[in-house]
Amino acid sequence: MRAAVSLPVLRKDFIADPYQVVEARAAGADLVLLIVAALEQPLLRELHALVQELGMTALVEAHSAEEVDRALDVGARLVGVNARDLSTFELDRDLFGRLAGAIPEGVVRVAESAVTSPADVAHYRDAGADVVLVGEALVTGDPVAALTEFLAA
């Protein structure tokens, strides 16, 4: 992917070992996803530090107020709130809005999941998102048209 684009590349995976971070860097990734719910705090801290040491950025993903606190505790500067519950896979589009206030100014707020239309992007923007992570909507149809509509929202 790195050879094909000049944009930042995110390794969106379940990272659970320092080797995966090094591997991501070797493959040209600029960002690594660290899911708070999947990591004990000492490992989250270790992985976050390694990401920074390698000159990358960690997108630290939370699903609750406690997880937002844990992300901030390790010094995360890019905090995502995922609307998808990892245990039930149910979506709660309003979760971001409930948690965004716990993310201080100066930390980039990322809304994740449940983005299928420009209205979803606008919903997250209105709730305080600095960035909206779009996935499935870009691979299930015309990605150029979808991206153009999302950027306009």
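Residues numbered from 1 in each chain as written. Predicted model: local features only at pLDDT ≥ 70, side-chain atom pairs only at ≥ 80, totals over all residues. Heavy atoms only, no water.

A.B. asks: Even after reading the chapter, I still don't get the sheet that holds strand 3 (residues 57-62), so can you show me in this structure?
C.D. replies: Strands in a sheet are paired, the pairing made by backbone hydrogen bonds, and the direction either parallel or antiparallel. Read from one edge of the open sheet, six strands run 1-2-3-4-5-6, paired in parallel fashion. Each edge of the open sheet is held by one strand with a lone partner, namely strand 1 (10-11) and strand 6 (131-133). (Pairing = 2+ DSSP bridges. Helix = DSSP H or I, 4+ residues; strand = E, 2+ residues; numbered from the N terminus.)

A.B. asks: I'm lost on the packing of helix 1 (residues 18-26) against helix 2 (residues 41-53) in this one. Help?
C.D. replies: When two helices pack together, you describe them by how their axes are tilted relative to each other and by the distance separating the axes. Here helix 1 crosses helix 2 at 20°, and the two axes come no closer than 10 Å. Between helix 1 and helix 2, the angle falls in the class roughly parallel. Note on packing geometry: the crossing formed by helix 1 with helix 2 is right-handed. Judged by residue contacts, Pro18, Val21 and Val22 of helix 1 engage Glu46, Leu47, Leu50 and Val51 from helix 2. Residue composition of the contact of helix 1 with helix 2, by class: six nonpolar, no polar and one charged. (Axes fitted to C-alpha atoms, helices over the stretch in contact; angles between N-to-C directions. Parallel < 35°, antiparallel > 145°, perpendicular 65-115°, else oblique. Left-handed = near helix turned anticlockwise from the far one by under 90°. Contact = heavy atoms within 4.5 Å. Nonpolar A, V, L, I, M, F, W, Y, C, P; charged D, E, K, R; others polar.)

A.B. asks: What exactly am I supposed to notice about the pattern of salt bridges here?
C.D. replies: Proximity of charged atoms lets side chains of opposite charge pair with each other. Under the defined criterion, the tally for this structure stands at eight salt bridges. For the salt bridge of Arg45 with Asp73, the shortest nitrogen-to-oxygen distance reads 2.6 Å. With Arg45 in helix 2 and Asp73 in helix 3 (residues 65-73), this pair connects stretches of sequence that are 28 residues apart. We classify Asp73 as partly exposed; its relative accessible area is 47%. Taking the shortest distance from any N to any O, the salt bridge between Arg109 and Glu105 comes out at 3.5 Å. Taken together, the shared-partner salt bridges in this structure form one network comprising Arg11, Asp13 and Glu23. (Salt bridge = Lys/Arg side-chain N within 4 Å of Asp/Glu carboxyl O. Buried < 20%, exposed > 50% of the residue type's maximum accessible area, 1.4 Å probe, protein only.)

A.B. asks: Sorry, what's going on with the pairing of strand 5 (residues 108-112) here?
C.D. replies: Successive side chains on a regular strand alternate, one facing one side of the sheet and the next facing the other. For strand 5, the buried fraction is high: four of the five residues fall into the buried class. Sheet analysis places strand 4 (residues 78-82) next to strand 5, joined by five bridges and oriented parallel. Note on strand 5: the bridge partner recorded for Leu78 is Val108. Relative to strand 6, strand 5 runs parallel, the two being bridged by three bridges. When the bridges of strand 6 are listed, Ala111 appears paired with Val132. Where the polypeptide runs from strand 5 across helix 5 (residues 118-126) and back to strand 6, its parallel neighbour, the crossover connection is right-handed. (Right-handed = clockwise from strand over helix to strand, strands pointing away.)

A.B. asks: Sorry if this is basic, but what is going on with the nonpolar core here?
C.D. replies: Most often, soluble globular proteins have nonpolar side chains that are buried together. Within the largest apolar cluster, 39 residues are counted, with the highest numbers of intra-cluster contacts made by Val32, Leu34, Leu44, Val60, Phe96, Tyr124 and Phe150. Ignoring any residue separated from it by four or fewer positions in sequence, one finds Val32 in contact with Leu10, Arg11, Ile15, Ala24, Val51, Met56, Thr57, Ala58 and Leu59. (Core = buried A, V, L, I, M, F, W, Y, C linked by side-chain atoms within 4.5 Å.)

A.B. asks: Sorry if this is basic, but what is going on with the packing of aromatic side chains here?
C.D. replies: Counting across every chain of the model gives one aromatic pair. Consider the rings of Phe96 and Tyr124, whose centres lie 5.9 Å apart with planes at 75°: the pair is edge-to-face. Note that Phe96 is positioned in helix 4 (residues 95-99) and Tyr124 in helix 5, a separation of 28 residues in sequence. A relative accessible area of 1% means that Phe96 is categorised as buried. Classification of Tyr124 as buried rests on a relative accessible area of 0%. (Phe/Tyr/Trp six-rings, centres within 6.5 Å; stacked < 30°, edge-to-face > 60°.)

A.B. asks: Help me out: how do you make sense of the environment of Ala83 in this one?
C.D. replies: Within the fold, Ala83 resides in the loop between strand 4 and helix 4. For the pair Ala83 and Ala111, spaced 28 residues apart in sequence, the C-alpha to C-alpha distance is 7.7 Å. In this structure, Ala83 is in contact with Glu90, Leu91, Asp92, Arg93, Leu95, Glu112, Ser113, Ala114 and Tyr124, ignoring residues within four places of it in sequence.

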